[in-house]
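# Descriptive structure summary
For reference, the chains in residue letters:
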Amino acid sequence: MKNTWAKQCGGEFREGKVRREDVFVGTKLWNNNHRPERVRPAFEASLRRLKLDYVDLYCIHTPFAFKAGDEQDPRDENGNVIYDDAATLTNTWKALESLVDERRCKVIGLSNVSLRQLKEVFEIARIKPAVLQVESHPYLPEWELLDYCQRNGIVMQAFAALGHGIQPRLLDDPVITVIAKRVHKTPAQVLLAWAVQRITAPLTTATNARHIEENFRISTLPDDAIKEISQGISTRVRLNSVVDTGIPGFIPRAG
Ligand SMILES: NC(=O)c1ccc[n+]([C@@H]2O[C@H](COP(=O)([O-])OP(=O)(O)OC[C@H]3O[C@@H](n4cnc5c(N)ncnc54)[C@H](OP(=O)(O)O)[C@@H]3O)[C@@H](O)[C@H]2O)c1
């Protein structure tokens, strides 16, 4: 969450233009703060930066614990990330549960975890994960994860729903563009409708005003289009490598 957002939103809240309860704010715990005793200070620091007294969602950003400390990207002399073998995902989860107990965040979740890690946390959790945030789009549908989420009441947030805007360009995939022409929508609207209809919550970040407006104007796709996207696309690509190492993947930004 960017500081500019916090400044702007803080102002809008103060002036009464936007009510806090009408906005859903989520933020995440970074990898250097996985030790249970570091969770609360990291969370409080996020609240201070956001100028808020609670968040709606707090997620563990990745399952990778980096060396505990203030260094967000700790490296050894060879430039390799220093991991922290003593921190476990389940202990970090328990520390997040106490934030919910104290009503500092409404729900908690996980991001970039495997099905095995999700199950491991779900099984020990006193407060179950409400959200799983993972990369997902027609090139990485993650059906198995989605099935587990849906059977256990977990919302799957699909990031890079439009393919991060990088190669291979999902927005130019012929299956998507042909459907877009047929239903008189744009490729982005087709991808977002597909994501919503299979009951995921797509995350997209448009900076272009026309894109932002377009992304709100989606409508239901016919069943045959849903089937074509789910079954007719064979490309399989993971665009963001954060899931492999905990090191943030490339997110392109114009300008
Ligand atoms: N959990 C994690 O580790 C993780 C990792 C990465 C991202 N995320 C989350 O996922 C969110 C979405 O990721 P993302 O922004 O990479 O996803 P994305 O929406 O797949 O990609 C954004 C790109 O799509 C373009 N775009 C948006 N709407 C469009 C439209 N209607 N037509 C054509 N192009 C369009 C944007 O261009 P313009 O900017 O020009 O509009 C931008 O280049 C992030 O904000 C972040 O919160 C989470």
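Let us look at the structure shown here. If you're wondering where the values come from, they're calculated on a predicted model, not measured in any experiment.

This part is about the sheet that holds strand β1 (residues 26-29). Taken together, six strands build an open sheet; the order of strands is β1-β2-β3-β4-β5-β6 and the sheet is parallel. Here the strands that pair on one side only, and so sit at the sheet edges, are β1 and β6 (201-203). Strand-to-strand, the axes of this sheet are offset by a mean angle of 30°, without reference to chain direction. Strands β1, β2 (55-60) and β3 (105-111) of the sheet are contacted by helix α2 (residues 36-50), whose axis makes an angle of about 135° with β2.

Turning to the packing of aromatic side chains, a few remarks are in order. Inspection of every chain in the model, using the stated rule, returns six aromatic pairs. Ring geometry for W30 against F66: centres 5.9 Å apart, planes inclined by 85°, an arrangement best described as edge-to-face. Of the two residues, W30 is situated in the loop between β1 and α2 and F66 in the loop between β2 and α3 (89-101); the sequence distance between them amounts to 36 residues. Both residues of the pair, W30 and F66, count as buried. Taking the centre distance of 4.7 Å and the plane angle of 75° together, the rings of F43 and Y58 count as edge-to-face. Highlighted residues: F43 in helix α2 and Y58 in strand β2, separated in sequence by 15 residues. Residue Y58 is classed as buried on the basis of its relative accessible area of 0%. Taking the ring centre of W143 as reference, the NZ or CZ of R198 above it sits at 4.7 Å.

Residues that lie three or four places apart on an α-helix share one face, since the helix turns once every 3.6 residues. Every buried residue belonging to helix α5 (residues 143-151) is among L145, L146, Y148 and C149, and all of these are buried. Buried residues of α5, viewed axially, fall in a sector of 165°; they line one side. Facing away from the buried side of α5, by more than 90 degrees, are the exposed residues E144 and R151. On the buried face of α5, the contacting elements are α4 (115-124), β4 (131-135) and β5 (155-159). Residue G153 follows α5 closely and has a positive phi angle near 70°.

Rules used throughout
Per chain, residue numbering runs from 1 following the sequence as it is written. Given that this is a predicted model, residues contribute local features only at a pLDDT of at least 70 and side-chain atom pairs are listed and counted only at 80 or more, while totals for whole chains, interfaces and linings are drawn from all residues. Processing note: side-chain calculations cover all non-hydrogen atoms of the structure and skip hydrogens and water entirely. Paired strands are those between which DSSP finds at least two bridges. Per the convention used, a helix needs a DSSP run of H or I reaching at least four residues, while a strand needs a run of E reaching at least two, with both numbered from the N terminus. In this analysis an axis means a line fitted to C-alpha atoms, helices contributing only their contacting stretch, and an angle means the value between N-to-C directions, from 0 to 180 degrees. Only heavy atoms enter the contact rule, under which two residues are in contact if any of them lie within 4.5 Å. Between rings of Phe, Tyr and Trp, where Trp is taken as its six-membered ring, a pair exists when centres lie within 6.5 Å; planes separated by under 30 degrees are stacked, by over 60 edge-to-face, and by other angles tilted. Summary of the burial criterion: residues with accessible area below 20% of their type's maximum are buried, those above 50% are exposed, and those between are partly exposed, where the area comes from a 1.4 Å probe applied to protein chains only. By definition here, charges over rings are those cases where NZ of Lys or CZ of Arg is within 6 Å of the ring centre and within 35 degrees of the ring normal. Our arc is simply the arc of the directions from the helix axis toward the C-beta atoms.

Remember, this is a structural readout, not a statement about activity or role.
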